[in-house]
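Structure at a glance
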Amino acid sequence: MSRDTQLKERWENLVQILSNQFSQGEDLDLDAIIYLIGLQELGKVHNQFKKDEKLDLMHIAICRLLEPYGYYEFDYVDKEGWPHYRVKEELPPLKAGEQSVLMKEAIVNYFLEKELID
């Protein structure tokens with residue numbers, strides 16, 4: 001099985017699992033899944049968040065997802081419990097489709113690590 005085919009199958013499986021758990025079966029999009037990962041990483045899933053905090057949650061998720069690729073490195077947790085990352089290496093310029101594939105691959109790897117999917 002090619003890497004692209006395996007990624008596609010794992011992504012579709014993951015979307016189905018998360019959609020069933022968090023959106024009554026309506027497919028979650030990439031941004032929604034990134035947001036959920038941010039919530040998971042923050043560890044405060046029952047809080048209400050303002051718009052700018054929701055963007056911060058997505059930023060946390062993106063940093064965490066791209067950390068294994070060498071783009072970010074965990075730095076510290078602030079007094080409110082929010083994790084902070086520092087840039088290790090700038091992301092190369094990517095086309096929209098390439099960005100999407102990178103994020104889907106990173107998300108699949110994240111959930112493989114968490115053993116939600118195999």
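Here's what I pulled together on the structure shown here.

Rules of the game
Residues numbered from 1 in each chain as written. Predicted model: local features only at pLDDT ≥ 70, side-chain atom pairs only at ≥ 80, totals over all residues. Heavy atoms only, no water. 1 Å grid on protein atoms, 1.4 Å probe; cavity = no way out; pocket = protein on both sides within 12 Å on 5 of 7 lines; lining within 4 Å. Points joined across faces, edges and corners; volume = space filled by probe spheres on them. Helix = DSSP H or I, 4+ residues; strand = E, 2+ residues; numbered from the N terminus. Nonpolar A, V, L, I, M, F, W, Y, C, P; charged D, E, K, R; others polar. Pairing = 2+ DSSP bridges. Expected span 1.5 Å × (residues − 1). Buried < 20%, exposed > 50% of the residue type's maximum accessible area, 1.4 Å probe, protein only. Contact = heavy atoms within 4.5 Å. Phe/Tyr/Trp six-rings, centres within 6.5 Å; stacked < 30°, edge-to-face > 60°. Axes fitted to C-alpha atoms, helices over the stretch in contact; angles between N-to-C directions. Parallel < 35°, antiparallel > 145°, perpendicular 65-115°, else oblique. Left-handed = near helix turned anticlockwise from the far one by under 90°.

Topic: the layout of surface pockets
There is about 260 Å³ of room inside the largest pocket. Elements represented by at least two residues in the lining of the largest pocket include exactly α1 (3-22), α2 (30-42) and α4 (96-113). Classifying every residue of the lining of the largest pocket by side-chain character gives nine nonpolar, two polar and one charged. A volume near 190 Å³ is recorded for the second largest pocket. Around the second largest pocket sit Leu30, Asp31, Ile34, Ile62, Leu66, Tyr72, Leu91, Leu94, Gln99, Leu102 and Met103, which together line it. Across the lining of the second largest pocket, the residue classes tally to nine nonpolar, one polar and one charged.

Notes on the pairing of strand β2 (residues 83-87)
By the bridge criterion, five bridges tie strand β1 (residues 72-77) to β2 in an arrangement that is antiparallel. In the strand pairing of β2, Tyr72 is matched with Val87. Here β1 folds back onto β2, and the loop between the two strands holds five residues, one of which, Gly81, carries a positive phi near 90°.

A closer look at α4
Across its 18 residues, α4 extends 26 Å between first and last C-alpha, which sits within 8% of the 26 Å expected from 1.5 Å per residue. Buried residues of α4: Leu102, Met103, Glu105, Ala106, Ile107, Val108, Tyr110 and Phe111, and no others. Tucked into the core, α4 has its buried residues touching α1, α2 and α3 (51-66). In the stretch just after α4, Glu115 is the one whose phi turns positive, near 60°.

Looking at the packing of aromatic side chains
Scanning all chains against the criterion turns up three aromatic pairs. Measuring from centroid to centroid gives 6.1 Å for Phe49 and Trp82, while their planes differ by 90°, and the two rings are edge-to-face. In this pair, Phe49 sits in the loop between α2 and α3 while Trp82 sits in the loop between β1 and β2, placing the two residues 33 residues apart along the sequence. Looking at Trp82, the relative accessible area reads 14%, which means it is buried. Arranged with centres 5.1 Å apart and planes meeting at 85°, the rings of Tyr110 and Phe111 form a pair that is edge-to-face. Given a relative accessible area of 10%, Phe111 falls into the buried group.

Remarks on the packing of α1 against α4
α4 packs onto α1 with a crossing angle of 65° between their chain directions and a minimal axis gap of 10 Å. By the angle between their axes, α1 is roughly perpendicular relative to α4. With respect to the hand of their crossing, α1 and α4 are arranged in left-handed fashion. Facing α1, whose interface residues are Arg3, Leu7, Arg10, Trp11, Leu14 and Leu18, α4 presents Val101, Lys104, Glu105, Ile107, Val108, Phe111 and Leu112. Its residues placed into classes, the contact of α1 with α4 shows nine nonpolar, no polar and four charged.

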